[in-house]
Amino acid sequence: MRVIEGQRVEKGDVIGVVASREYTLEDGDTSHAIKQNIELRRISIRESYRSRMQQLDDQLASQRRRLLGVERELAMMADSVRNLHEQASLAKEILDRFELLGRTQYVSELQVQQQRSIYLQRVGDVQALERQVASLKESRSELIKGIEEHGLNRPGFSGGCFH
């Protein structure tokens, strides 16, 4: 209040200013102060949004790099699986020959058992690698799903304007 009780005032004298201090600029224009605070908040929200979008973009880039690494590993493993299948096939052919020779007693039963062991080891190697391939394919699927979800769930923001 700019007057005290009982003080004489003239028409047009300011007797008080009704305003909220948290929105005024040193008893200035309240409307201007509110607009300025709104604009500051809008800028803060935009910066926060840009920062979050940068985090999401970084996460997406990381997932894409991981996916690329998984794809490379799968390609190498596919070659290894083919090679192990060929080795297992050759080991089976040798085992079949040893079993035939064992029946005619040109090789001992121990030699046949050793060859059977080699063949079973090759089959086990193939199966173990195929399990690893299946696990990597599952990881690849999860990465692809995460990348797709990232793209679908990312809100649009362009040039400082929300869409």
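Each residue is numbered by its place in its chain's sequence as written, counting from 1. For a predicted model such as this one, the threshold for reporting local features is a pLDDT of at least 70, and the threshold for listing and counting side-chain atom pairs is 80 or more; totals across whole chains, interfaces and linings nevertheless cover every residue. With hydrogens and water excluded, all non-hydrogen atoms of the structure serve as input to the side-chain values.

> What's the story with the overall build of the chain in this structure? I'm lost.
By the criteria applied, helices consist of DSSP H or I runs no shorter than four residues and strands consist of E runs no shorter than two, each listed in order from the N terminus. A count of helical and extended segments in the chain gives 2 helices and 2 strands. From first element to last, N terminus to C terminus, the chain shows the α and β order α-α-β-β. Split into buried and exposed, the 163 residues of the chain put 17% on the buried side. Contact criterion: two residues are considered in contact whenever any of their non-hydrogen atoms come within 4.5 Å of each other. Restricting to contacts in the chain with at least 6 residues of sequence separation, those with at least 24 account for 61%. Where accessible areas are quoted, they stem from the Shrake-Rupley method and a 1.4 Å probe; at the residue level, only the protein chains shown are allowed to cover. About 12700 Å² of surface is accessible on the chain, with carbon and sulfur atoms providing 51% of the total. Burial status follows relative accessibility: with a 1.4 Å probe on protein chains alone, a residue under 20% of its type maximum counts as buried, one over 50% as exposed, and anything between as partly exposed.

> Help me understand the pattern of salt bridges, please; the structure alone is not making it clear to me.
Where charged atoms of side chains with opposite charge meet at close range, the side chains can pair. Whenever a carboxyl oxygen of Asp or Glu lies within 4 Å of a side-chain nitrogen of Lys or Arg, that contact is scored as a salt bridge. Per the counting criterion, the structure on display carries 6 salt bridges. Asp96 serves as the salt-bridge partner of Lys92, at 3.1 Å between the closest nitrogen and oxygen. Of the two residues, Lys92 and Asp96 are both situated in helix H1 (residues 30-103); the distance of 4 residues between them amounts to about one turn of the helix. Of the residues examined, Asp96 reaches a relative accessible area of 36% and is grouped as partly exposed.

> Just to check I follow, could you spell out the side chain of Gln115 for this structure?
Mapped onto the elements of the fold, Gln115 is located in helix H2 (residues 109-153). Look at Gln115 and you get buried, because its relative accessible area is 10%. The residues contacting Gln115, other than those within four sequence positions of it, are Ala91, Ile94, Leu95 and Phe98.

> Which parts of the structure should I look at to understand H1?
Two residues of an α-helix separated by three or four positions point the same way, owing to the 3.6 residues in each turn. Helix span, as expected, comes to 1.5 Å for every residue beyond the first. The first and last C-alpha atoms of H1 sit 106 Å apart over 74 residues, in line with the 110 Å expected at 1.5 Å per residue. Directly after H1, the chain includes Gln105, whose backbone phi takes a positive value near 60°.

> Help me understand the packing of aromatic side chains, please; the structure alone is not making it clear to me.
What characterises a pair of aromatic rings is the spacing of the ring centres plus the angle enclosed by the ring planes. Only centres within 6.5 Å qualify two rings of Phe, Tyr or Trp (six-membered ring in Trp) as a pair; their planes then separate them into stacked at under 30 degrees, edge-to-face at over 60, and tilted for everything else. Tallying each qualifying case throughout the model produces 0 aromatic pairs. A ring is scored as having a charge over it whenever the NZ atom of a lysine or the CZ atom of an arginine sits within 6 Å of its centre and within 35 degrees of its normal. Note that Lys92 overlies the ring of Tyr119, its terminal NZ or CZ placed 5.6 Å from the centroid.

> Before we go on, may I ask you to explain the nonpolar core in this structure?
In this structure, Val70, Leu74, Met77, Leu129, Val133 and Leu136 are the most contacted members of the largest nonpolar core, which totals 14 residues. Where this core is concerned, the elements lending two or more residues are H1 and H2. At 8 residues, H1 tops the list of elements feeding residues into this core. Aside from chain neighbours lying at most four places away, what touches Met77 is Leu129, Gln132, Val133 and Leu136. Within this scheme, the nonpolar core is defined by two criteria: the residues are buried Ala, Val, Leu, Ile, Met, Phe, Trp, Tyr or Cys, and they are joined through side-chain atoms within 4.5 Å.

> When you look at the confidence of the model for the chain in this model, what are you seeing that I'm missing?
One rule of thumb: low pLDDT means the predicted coordinates there are not for detailed reading. pLDDT is a per-residue confidence score from the predictor, ranging from 0 to 100. Taken as a whole, the chain shows an average pLDDT of 85; of its residues, 85% reach a score of 70 or greater. Per-element confidence in the chain is highest for H1, whose mean pLDDT is 93, and lowest for strand E1 (residues 157-158), whose mean pLDDT is 41.

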